[in-house]
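A structural walkthrough
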Amino acid sequence: MGEVIVITSGKGGVGKTTTTANIGTGFSLEGKSTVLVDADIGLRNLDVVMGLENRIVYDLVDVVDGVCRLRQALIKDKRYSNLYLLPAAQTKDKNAVTPQQMQELTSELAKEFDYVIVDCPAGIEQGFKNAIAGANKAIVVTTPEVSAVRDADRIIGLLEANGLRNPQLVINRLRVDMVKRGDMMNIDDMIDILAIELLGVVPDDEHIIVSTNRGEPAVTNNDSIAGQAYRNIVKRILGEDVPFMNLESDQGFMSKLAKMFGFGKKK
Amino acid sequence: MRYVKGTKEGLYILIKEDMDLDKIKDNLKDKIKPSKRFFEGAKIVNFKGKKLTREEFDELKDLVENDYGMSVLGDYTQDTDLLSDKEEAKENTAYEKLPYDNVIQDKVLMVRATVRSGQLIEYNGNIVIIGDVNPGAQIKATGSIVVMGTMRGVAHAGSNGDYGAFVSALNLLPAQIRIGDIITRSPDGLGIRTSVPEMAVVKRGLILVEPYLPNR
Ligand SMILES: Nc1ncnc2c1ncn2[C@@H]1O[C@H](COP(=O)(O)OP(=O)(O)OP(=O)(O)O)[C@@H](O)[C@H]1O
Ligand SMILES: [Mg+2]
């Protein structure tokens, strides 16, 4: 039985889809069979980020409605044979499926794949409830901004209320230059408030934008520092003890990362 | 009626005089099973309240040890007196003899958690949070509020109009404090961070925040 991981955030635009694409592709690079599920019905993106938009015939709502079989809707990645995408419908909305249906769908997928990664829409309404319905693990994405951290906190509370305990945190779009100047929200403060395990810090990296436009997740690019961060995150999920990366040679920041790493270990 | 009682000597299982063995077993099942995790490993000094036969004692000891994971330390004895009424009464009134002005003897809700944005904890009595209260969370008590962590949310103490209620925290950085119908909010901008435990009380119609450990 595979693991169903939901990638969520509360606030929009913080990097859920980017994280889903990169972690998912990262798993397949590690030899794990993986399927990405786009639960952002009506605002689908994951297909574009994966460069698979032109191959969509059926989508998630078609499967739920019985228009096609699950197998028919799965799109095989162009590079990796163990990586698949179940795209969202674009012409429907979040109410087109129920949490119960999502749960059945993801458990069906978990029978065949090592990892089922669900890209959650922003917000806390129906789309969120659908996306978390079948998950047995959650990753919360935030950026180093007060409003994003606030929403992440709300989401962690809702996840816990729905039985998804111990979610893990990805801090995305960290700007090393701003951290050095002291202009960016302190990572220690974020961990202090959210009080969950840190899975990784992804720097702000223009490779992400380039790779998104090309439909090739940065995790496959050895020159991308964000790609490296995502490779490390994947290894940590797989249980490897990967030290936090040296994002530039700022001493203060490094010692902070060391501290966070200590925090990240199970007490 | 309590079924397990802590005394100076340790824990006792209390048995009513008029219960037969089956009833006792049923009662144990009802009362101990749901809190099995709590009682597991507990050391029981003895049974109290009913004179047991040796067979009954052995059977109960066996049940408590094997089914509920506790251990009974004492041996079979005929002396099964409950605490005398006098002793019981003494325990309950001990607080009255304390030489302090500010003793609260009222219901308390204790929550061991991080209280997060969007969550509300409301209680008819006092609230103790063992953990942090995050921005966007709200704690509302008819009595006082104690946060054994950082208070960053909204605290409403004395919500029925009790100006004697207080809000205290190891690190008191609330967005807003209300006591009764008096409201105060944190200063705009990044407030000053003190790291001493503080307490908000009503004085002369205003909410004042001050350290409650004078020597720190
Ligand atoms: N580490 C990064 N460095 C630079 N740009 C990034 C990074 N992460 C995400 N972005 C950019 O931020 C934008 C939003 O990212 P993304 O679509 O992944 O967010 P989302 O949380 O899925 O948004 P939505 O809530 O709308 O679904 C995209 O344009 C993406 O390229
Ligand atoms: Mg998205």
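Conventions adopted
Residues numbered from 1 in each chain as written. Chains lettered and ligands numbered in written order. Predicted model: local features only at pLDDT ≥ 70, side-chain atom pairs only at ≥ 80, totals over all residues. Heavy atoms only, no water. Helix = DSSP H or I, 4+ residues; strand = E, 2+ residues; numbered from the N terminus. Rg over C-alpha atoms; globule rule 2.2 N^0.38 Å. Buried < 20%, exposed > 50% of the residue type's maximum accessible area, 1.4 Å probe, protein only. Areas by Shrake-Rupley, 256 points an atom, 1.4 Å probe, with all protein chains shown as cover. Axes fitted to C-alpha atoms, helices over the stretch in contact; angles between N-to-C directions. Parallel < 35°, antiparallel > 145°, perpendicular 65-115°, else oblique. Left-handed = near helix turned anticlockwise from the far one by under 90°. Contact = heavy atoms within 4.5 Å. Near = heavy atom within 4 Å. Polar contact = N/O pair within 3.5 Å; in protein donor to acceptor, adjacent residues only side chain to side chain. Pairing = 2+ DSSP bridges. pLDDT = per-residue confidence, 0-100. Right-handed = clockwise from strand over helix to strand, strands pointing away. Buried area = accessible area lost by both parts, 1.4 Å probe. Salt bridge = Lys/Arg side-chain N within 4 Å of Asp/Glu carboxyl O. Nonpolar A, V, L, I, M, F, W, Y, C, P; charged D, E, K, R; others polar. Patch = residues over 30% accessible without salt bridge, like charges linked within 9 Å, V, L, I, M, F, W, Y side chains within 5 Å. Lys, Arg positive; Asp, Glu negative; His and termini not counted. Charge placed at Lys NZ, Arg CZ, Asp CG, Glu CD.

**Description of the overall build of chain A**
Counting secondary structure elements, chain A contains 12 helices and 8 strands. Against the 2.2 N^0.38 benchmark of 18 Å for 267 residues, chain A shows a C-alpha radius of gyration of 18 Å, consistent with a compact globule. On the principal axes, the C-alpha backbone points of chain A span a range of 55 × 40 × 30 Å. Burial statistics for chain A: of 267 residues in total, 57% are counted as buried. With the model as given, the accessible surface of chain A reaches about 11300 Å², and the carbon-plus-sulfur share is 44%.

**Notes on the packing of helix α1 (residues 21-32) of chain B against helix α3 (residues 54-68) of chain B**
Residue and element names in this part refer to chain B. Put simply, α1 and α3 touch, their axes get as near as 11 Å, and they point 20° apart. One way to sum up the angle between α1 and α3 is to call them roughly parallel. The element α1 and its partner α3 pack so that their crossing is right-handed. Contacts between α1 and α3 involve Leu21, Ile24, Lys25, Leu28, Lys29 and Ile32 from the first element and Glu56, Glu59, Leu60, Leu63, Val64 and Tyr68 from the second.

**Describing the site of ligand 1**
Residue and element names in this part refer to chain A. Surrounding ligand 1, one finds 18 residues, the nearest of these being Gly13, Lys16, Thr17, Thr18 and Asn172. One nitrogen or oxygen atom from the main chain of Gly13 is found 2.9 Å from an oxygen atom belonging to ligand 1. Side-chain polar atom of Thr17 to an oxygen atom of ligand 1: 2.7 Å apart, as the coordinates give it. Protein contact buries 81% of the 630 Å² of open area that ligand 1 shows by itself.

**Quick notes on the packing of helix α7 (residues 146-161) of chain A against helix α9 (residues 187-194) of chain A**
Residues and elements named next belong to chain A. Between α7 and α9, whose axes approach to 10 Å, the crossing angle comes to 25°. The orientation of α7 with respect to α9, classified from their angle, is roughly parallel. When the axes of α7 and α9 are compared, the crossing they make is right-handed. In this structure, α7 contributes Val149, Ala152, Asp153 and Ile156 to the contact, and α9 contributes Met190, Ile193 and Leu194.

**Thoughts on the sheet that holds strand β2 (residues 34-38) of chain A**
All names here are of chain A. Judged by pairing direction, the sheet is mixed, and its 8 strands sit side by side in the order β3-β4-β2-β5-β1-β6-β7-β8 without closing on themselves. Either end of the sheet is taken by a strand with one partner, and the two such strands are β3 (75-76) and β8 (197-203). Where β2 lies against strand β4 (residues 83-86), 4 bridges are found, and the strand directions are parallel. In the sheet register, Thr34 faces β4, and the bridge partner there is Leu83. Here helix α11 (residues 225-237) sits on the sheet and contacts β1 (3-8), β6 (137-142), β7 (168-174) and β8; the angle it forms with β8, its principal contact strand, is near 160°.

**A few points about the sheet that holds strand β14 (residues 198-203) of chain B**
All names here are of chain B. Strand order in the open sheet formed by 6 strands is β5-β7-β9-β11-β14-β15, and the pairing between neighbours is mixed. Here the strands that pair on one side only, and so sit at the sheet edges, are β5 (108-112) and β15 (206-211). Recorded for the sheet is a direction-independent mean angle of 25° between the axes of neighbouring strands. The pairing of strand β11 (residues 167-172) with β14 spans 3 bridges and is classified as antiparallel.

**Let's talk about the confidence of the model for chain A**
Residues and elements named next belong to chain A. In the predicted model, chain A carries a mean pLDDT of 90, and the fraction of residues at 70 or more is 92%. Taken as a whole, residues 248-256 scores under 50 in pLDDT and shows 11 contacts with residues more than four places along the chain or in a different chain. Counted against residues more than four places away or in other chains, residues 258-267, with its pLDDT under 50, gives 18 contacts.

**Section: the pairing of β6(A)**
All names here are of chain A. Counted residue by residue, β6 has 6 buried out of 6 residues, so it is predominantly covered. Relative to β6, β1 is paired through 4 bridges, and the arrangement is parallel. Each bridged residue has a counterpart across the sheet, and for Thr8 the counterpart in β6 is Val140. In the sheet, β6 pairs with β7 via 4 bridges, with the strands oriented parallel. Looking at β7, one finds that Ile139 is bridged to Gln168. Assessed by its sense of winding, the connection that carries the chain from β6 through α7 to β7 is right-handed.

**A short note on the interface of chain B and chain A**
Listed by partner, the interface residues are 11 residues for chain B and 12 residues for chain A. Taking both sides of the interface into account, the surface hidden between chain B and chain A amounts to around 910 Å²; carbon and sulfur atoms contribute 38%. The three residues of chain B that bury the most area against chain A are Arg116(B), Ser117(B) and Pro135(B), which together make up 53% of that side's buried surface. Counting the contacts that link chain B with chain A gives 3 salt bridges. In this assembly, chain B and chain A are joined by 6 residue pairs in polar contact (both at pLDDT 80 or more). A breakdown of the residues in the side of chain B that touches chain A according to their chemical character gives 1 nonpolar, 6 polar and 4 charged.

**Re the pattern of salt bridges**
Under the criterion given, the structure shown has 16 salt bridges over all chains. Of the charged contacts, one joins Lys203(B) and Glu210(B) as a salt bridge, the two residues approaching to 3.2 Å between their closest N and O atoms. Via salt bridges that share partners, Asp153(A), Glu160(A) and Arg116(B) belong to a single interconnected network.

**Re the pairing of β8(A)**
Residue and element names in this part refer to chain A. With 6 of its 7 residues buried, β8 lies for the most part within the structure. Both β7 and β8 contribute to a ladder of 6 bridges, which runs parallel. Bridged to Val170 within β8 is Gly200.

**Some remarks on the environment of Leu169(A)**
Residue and element names in this part refer to chain A. Within the secondary structure, Leu169 sits in strand β7. The class for Leu169 is buried, based on a relative accessible area of 0%. Apart from the residues lying within four places of it in its own chain, the contact partners of Leu169 are Val140, Thr142, Ile191, Leu194, Ile196, Glu197, Leu198, Leu199 and Gly200.

**Quick look at a negative patch on the surface**
On the surface, a cluster of negative charge is made up of Asp20(B), Asp22(B), Asp26(B) and Asp30(B). You can see Asp26(B) is positioned in helix α1.

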